[in-house]
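Read off the chains here:
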Amino acid sequence: MTGRRDQAETARLKESDAEIFARLDSAVFRRFGRYLVPYVRAVSIATVAVVVFTLTSLAVPILVKVGLDDAIVPGNLPLLYVIAGALGAVAVLHWASMYVQRLIIQRVGQDVLYDIRRDMFVQLQRLSMSFTDRTPIGGLMSRVFGDVGALQEMLETTVEAMGDILLLFGIVVVMLVFDWRLGLMTLSVLPLLTLIRVFWQPFARRAFLRMRRNASIVGSYLDQNVSGIRVVQAMNREPVNRGIMGGKVSDLFWSNVSGSKLGAMLMPTVDLLTGVALAIVIIVGGSMVLGGGLEVGTMVLFLLFVQRFFEPIRSLTMHYSVLQRAVAAGHRIFELLDLPLEVADRPGAQPIGEVNPSVEFDHVVFGYDPAKPVIHDVSFRVEPGQTAAIVGPTGGGKTSLTALAHRFYDVQQGRVLIGGRDVRTVTQASLGSIMSMVLQEPFLFSKSVFENVRYNTRQATRADVERACRIIGAHDFIARLPEGYDTVLEQRGSNLSVGQRQLLSFARALVADPKILILDEATANIDSYTELIIQDALRKLLQGRTALVIAHRLSTIRNADTIIVVDRGRIVDRGTHDELVARGGLYAQLWRMNYASFDDLRGDLEKGVVAAASTT
Amino acid sequence: MIHGARLPGAGRQLTDDYFARQHGAGARTIWRITRMALRYRWHFALAIAVTLIGASFFLWIPRLLGQGVDQAFTLIQEGSADPAAVRSLLLRTAIVIVIASALRGTFGFLQMFLGETLGQRVAAELRMRFFDKLQALSFSFHDNVHTGNLMSRGISDIEGVRMFVQQGLVRSVYVVVVVVASAALIVAIDWQLALVSLSFIPFVAYRSARLRLELRRYWLRVQELLGALSTTVQENLAGTRVVRAFAAQSYEERKFTREARNVQRLMLDALAIQAQGGSVMSFAFLVAWALILWLGGVRVVNGSMTVGELTQVLAFMAVMQFPVRMIPFIVNSVARAHSAGGRVLEVLDQTPAIADRPGAGPLAVGEGVVRFDSVAFSYGTVAALRNVTFEVRPDRAIGIVGAPGSGKSTIANLLPRFYDVTAGAITIDGVDIREVTVRSLRRAVGIVQQDPFLFDGTLRDNIAYGHPDATMEQIEAASRLAQVHDFIAGLPEGYQTEIGERGVGLSGGQRQRVALARTLLLDPPILIFDDSTSSVDAGTDQRIRQQLAAVAKGRTTITIAHRLSSLRQSDEILVMDAGEIVERGTHDGLMRRNGRYREIFELQRLQGSETTDAGAGGSLRPRAGGGEDVPGGGEEGQ
């Protein structure tokens, strides 16, 4: 676990207490506030409704007091009817304002939540690959769903809380108006309450944060186990995992318990202070009545109001844990939203437009960690329509090169040029539209075959998709599926073989009809049958396109126009197959060694196997 | 990942449809959750007791206040009062009220704390049971239910149940007690006025019931849509490379937006219903106030009631205000728990398709003879295997080849009982594998899959996955066998290197070799290689095979491969087609037969992609001798 947290650290999504305490709650609320800006009109209507609602709430006890003192006691029945009628009218107003207030606040709240969730999603699309590679999906899911859910919970109680706060102010005003001395004395307990809260808050906040974090850890672990269930069962690992999960659930439970304890702790304080305030009214107010300085009715009103006054404080206290949870969730949400975008469109970036699709690397230096470059001063050029094979040992930087061509990352030095234009000066979307990538591990979505093949080429018709599948050789097996192209794939296409999945991802690239194609060991998982089908398809796919191919199989490499041999982030050799073999360098040795790929070269090189072999 | 023979017909029920047939059984959900909470007998009893005491203090304070103030003013109004006596009366009232408030606060604290921890205990238990169930459910379940769907059940739905236990269950006791007690006290004062003042209760009760039913429908739908949304997000994150490779961000955003909008709209409808219900209840309550003031006032004027009595009725109405305000929330939490709890219980109610038979004993592997006896299998209605019969012994390794979808992987999945055969039987040393415990069977059978899942964690943790206590020596030995030790040792952090989700950072071949080491570490007497080195280059594959030859001695091995050279060590090769064995024999025998096998052989030779294979055309049998340190060295003469 600690390891995973370290990784999250490197991805700059910190979950440490220190980080959180450096910021203030108010910052989180300000951020929420910014989300409210588009809804100013709705918010102002809601505010009016809240005010009306509060006034009606305050009017009820006052009307009752007037009814008792002025109508019932003197026996003034007509006035009684008027007052009862007024109370009925207040009830109607109360109802209407409450309805409007709740409806609008909830609607705005839902809109804001939607906006936040959408922003998070958009942010996740834009963040650099190094972030996405290293951050567990389960943890991100818990932010997008769990934390936004906590905000949701807050919203449901906010409606109540807002009314409560306003009511509080109204009561203070009424008390001060009726008798400011007694009013002030009653309110004298408030500073005490504030003091206690100030002391309590840091503890509570830490507890609530811990709760959220433990919840996210439990979520991540659950996610891992569901995804890897086949391995878990094959390896009889269930009891071990049960123990680990038990530990995490128990951590979550205990952090929840301490959160509850802190949340509930304000209850007795508020109640005690209510009692004290009541006692003040009784003793001081009573003495004032005795001394003739206060009317009896006013004192009764005070007693009624003191109770109503602390009631909202009580319910605010009950909602406080919800609020704190929401603040903690807000921190986690804004942390994600605040991650800087390493790769973003420059201001004034242009669409790449119609270009001659050449790919050029010009003295490129790049490292995932700028201090540790993995690509050192790499320069090469692939002419339009040509295929360049990149070969070399694993970890040599092959995949980094293809990622740079697609601008998944930005170079530290030098330039990457597509059609002669620096990739940083064009929009990412336009860059993506002329390039496609087929990855070693085909990824399919839980959609129909048609949707998967068409994917982002929205204008592709059924006929286009079918044609592509026929060319690739996937049509036959698709046609055999129960619903053909409309068959919905199971989770990540698990109802297809790896080879079939790869064929679909080839078809996907063909439908996209890119000018530049990048293949990242895309044929590694394909069996001999499929290989036969695909060799021809691959030729068709590469025809007329510029291609960067990280090659696994010698057959693919041999057909390339140029072969670039990469080792330890540098180009160590380049040329055609025949040239390279004739030159007798690393490539020739590899080729003579009959390696079908160069994955495992590093170890052998170090053991001197290659050297030994080359001498024979 | 299961693939191969799996035809998608087996998985038409993708997500919630899978559970659809069980939706009717949800009526008992609330009761079942309540029973779970009731199992914490003392905790529950204490929470209720504390709630009752808290409620009585809640009722007692207004009464104390009313009485004390009443007495004092009676004294004042009589005019004969000694100010000192009045003062001491007031002081006494004040002190009692402070004490009562402190007590009320303490019990309020206990009530809240006990209520919440009860909810958390139920949630923790549910989380564990959910987890256990997911671990126990067999492949056929997981094939059909999406991870995102299970995650949303395991996270937000359990949260919904927790909210119900703490809000719905414990607090509803409080609300009922306060409302009933206040009502009783009002009835004691004047039953006719009580009828008027309590007239709002049936109305509120009716509205609550209606509200609950309406909300339940909505919540169910909201949760389903949220499940779909979380699937979308999950796949987006897992497939982020594809998304970026196709610059499909805006497409993905549109997809997300559409689904998130759906959730939001439905949510708004549910909230509108809730707002309506809540405000109507408040309205009914205030109308009751007006009625009391009117009717009670008339009665006071008539002289049939005192002002004090009317004041007390009004005071109790005030007491009821807060609980009445809470009713819509409670109703909502019940409605939500009904759907959320239902979705959790649906999973908990699944019975694993594969389980130990009663009286199943552990498997004792003696000789290690595995027999498939007229085995047939189908995924749902799609037949995957027909009449498959063969025998594997430690001294007779079996290799299986065939086109994708021909049933190779199905054979691999049947032996460890990931699925049960539809007809026929699989035996180990003559014992039907359904007669022994699943655990002992899986310990005896090691399987290496083609598309292995690696977990977040270090390489060491991943290799030691099935044997967490393994020593470093054992782990290194297994890694050497799998030809992955040199690679790992060359990494800056060696075995402590972290690998991320789905092992990003390792190539397919490296991941396969880590998975191979993971299985070899378990040292099982029966080994299945399910195309387990397909992404490993031919040279390394050769070295792995040579190393394994030593390991395989005395073990029962089944090797499934599309690369014929991987089957060199097999004594018998089965050629599969459309779920049946169409040819069998040794390499030489099959070559002579000029059939399917020969066809595949020629195919691979023609492709020339795997020069090792082509070059080794004449030496498909185990090579004689050969330096172990210089693998492939004998073949370099190309």
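Residues numbered from 1 in each chain as written. Chains lettered and ligands numbered in written order. Predicted model: local features only at pLDDT ≥ 70, side-chain atom pairs only at ≥ 80, totals over all residues.

*Asks:* Got a sec to walk through the overall build of chain A? Specific residues and values, please.
*Replies:* Across its full length, chain A holds 24 helices and 10 strands. The burial tally for chain A puts 52% of its 616 residues in the buried class. A fraction of 79% describes how many contacts in chain A between residues 6 or more apart in sequence connect residues 24 or more apart. (Helix = DSSP H or I, 4+ residues; strand = E, 2+ residues; numbered from the N terminus. Buried ≥ 20, exposed ≤ 12 C-beta atoms within 10 Å, placed from the backbone. Contact = placed C-beta atoms within 7 Å.)

*Asks:* Tell me about the packing of helix α11 (residues 238-290) of chain A against helix α4 (residues 83-136) of chain B, and please be specific about residues and values.
*Replies:* Contact geometry for α11 of chain A and α4 of chain B: axes closest at 7 Å, N-to-C directions at 165°. As the angle between them shows, α11 of chain A and α4 of chain B are arranged roughly antiparallel. Note that α11 of chain A runs across α4 of chain B; the crossing there is right-handed. (Axes fitted to C-alpha atoms, helices over the stretch in contact; angles between N-to-C directions. Parallel < 35°, antiparallel > 145°, perpendicular 65-115°, else oblique. Left-handed = near helix turned anticlockwise from the far one by under 90°.)

*Asks:* Please give an account of the environment of glutamate 224 of chain B that cites residues and values.
*Replies:* All names here are of chain B. Within the secondary structure layout, glutamate 224 lies in helix α8 (residues 200-238). C-beta crowding within 10 Å serves as the criterion here: with 18 such atoms nearby, glutamate 224 is assigned to the partly exposed category. Considered as a pair, glutamate 224 and phenylalanine 58 are 166 residues apart in the sequence and their alpha carbons are 41 Å apart.

*Asks:* Talk me through the sheet that holds strand β6 (residues 435-438) of chain A; I want residue IDs and the actual numbers.
*Replies:* Residue and element names in this part refer to chain A. Within the open sheet, the six strands sit side by side as β6-β7-β8-β3-β9-β10. Their pairing is mixed. Single-partner strands in this sheet number two, and they are β6 and β10 (570-575). Adjacent strand axes in the sheet meet at a mean angle of 15°, parallel and antiparallel pairs treated alike. As defined by bridge partners, strand β7 (residues 516-520) adjoins strand β8 (residues 546-550) across five bridges and the pair is classed as parallel. If you follow aspartate 520 over to β8, its bridge partner there is isoleucine 550. In the packing of helix α13 (residues 398-405) onto the sheet, the strands contacted are β3 (387-391), β7, β8 and β9 (562-567), and the crossing angle to β8 comes to about 150°. (Pairing = 2+ DSSP bridges.)

*Asks:* I'd like to hear about the sheet that holds strand β1 (residues 370-379) of chain B, residue by residue, with values.
*Replies:* Strand pairing in a sheet is mediated by backbone hydrogen bonds. Such pairs are either parallel or antiparallel. Residues and elements named next belong to chain B. Strand order across the open sheet formed by four strands is β2-β1-β4-β5, with antiparallel pairing between neighbours. Each edge of the open sheet carries a strand with a single partner, namely β2 (382-392) and β5 (431-432). Of the strand pairs in this sheet, β1 and β2 are connected by seven bridges, and their pairing is antiparallel. Residue phenylalanine 372 lies in a different strand from β2, and its bridge partner there is phenylalanine 390.

*Asks:* Provide a residue-level description of the pairing of strand β4 (residues 423-428) of chain B, including the pertinent values.
*Replies:* Residues and elements named next belong to chain B. Bridging between β1 and β4 involves five bridges; their strand directions are antiparallel. Across the sheet, the residue bridging to aspartate 373 is alanine 425, located in β4. Inspection of the sheet shows β4 paired to β5 by two bridges, in the antiparallel sense. Opposite isoleucine 428, over in β5, you have valine 431 as the bridge partner.

*Asks:* Can you tell me about the domain arrangement of chain B, naming the residues and giving the values?
*Replies:* It is common to give the size of an interface as the accessible area lost on bringing the parts into contact. Domain annotation of chain B identifies domain 1 (15-348) and domain 2 (370-609). Computed over C-alpha atoms only, the centres of domain 1 of chain B and domain 2 of chain B are separated by 56 Å. (Domains from an automatic or database assignment.)

*Asks:* Residue-level account of the confidence of the model for chain A, with values.
*Replies:* Residues and elements named next belong to chain A. Per-residue confidence for chain A gives a mean pLDDT of 79, with 85% of residues at or over 70. Per-element mean pLDDT across chain A ranges from 36 in helix α1 (residues 2-10) up to 92 in strand β1 (residues 359-366). The low-confidence segment residues 1-24 (pLDDT under 50) makes 31 contacts with residues lying over four places distant or belonging to another chain. Every residue in residues 595-616 is under pLDDT 50, and counting partners more than four places away or in other chains gives 45 contacts. (pLDDT = per-residue confidence, 0-100.)

*Asks:* Outline helix α18 (residues 498-512) of chain A, listing residues and values.
*Replies:* All names here are of chain A. Here α18 spans 21 Å end to end across 15 residues, near enough to the 21 Å set by a 1.5 Å rise per residue. Taking burial as the measure, the 15 residues of α18 include 15 buried ones, the bulk of the element. Phi turns positive one or two residues past the end of α18, at aspartate 513, with a value near 50°. (Expected span 1.5 Å × (residues − 1).)

*Asks:* So what about unusual backbone geometry? Which residues, and what values?
*Replies:* Here the phi dihedral of histidine 363 of chain A falls at roughly 50°; this positive angle occurs in a residue that is not glycine. Of note, histidine 363 of chain A is situated in strand β1. Exposure remark for histidine 363 of chain A: the 12 C-beta atoms within 10 Å place this residue in the exposed category. Residue aspartate 523 of chain B is not a glycine yet carries a positive backbone phi of 55°. Structurally, aspartate 523 of chain B is set in the loop between α17 (508-520) and β9 (526-530).

*Asks:* I'd love a proper account of the packing of helix α6 (residues 147-189) of chain B against helix α11 (residues 307-348) of chain B, names of residues and values included.
*Replies:* Residues and elements named next belong to chain B. Relative orientation of the contacting elements α6 and α11 amounts to 155°, with a least axis distance of 6 Å. Taken together, the axis directions place α6 and α11 in an arrangement best described as roughly antiparallel. For the pair α6 and α11, the crossing hand works out as left-handed. Tallied by class, the residues present in the contact of α6 with α11 amount to 24 nonpolar, eight polar and six charged. (Nonpolar A, V, L, I, M, F, W, Y, C, P; charged D, E, K, R; others polar.)

*Asks:* Can you explain the environment of glycine 168 of chain B? Please cite residues and give values.
*Replies:* Residues and elements named next belong to chain B. Relative to the helices and strands, glycine 168 resides in helix α6. Each C-alpha atom, one on glycine 168 and one on glycine 115, is 9.9 Å from the other, the two residues being 53 residues apart in sequence. Contact partners of glycine 168, with chain neighbours within four places excluded, come to Ile330, Ser333, Val334 and Ala337.

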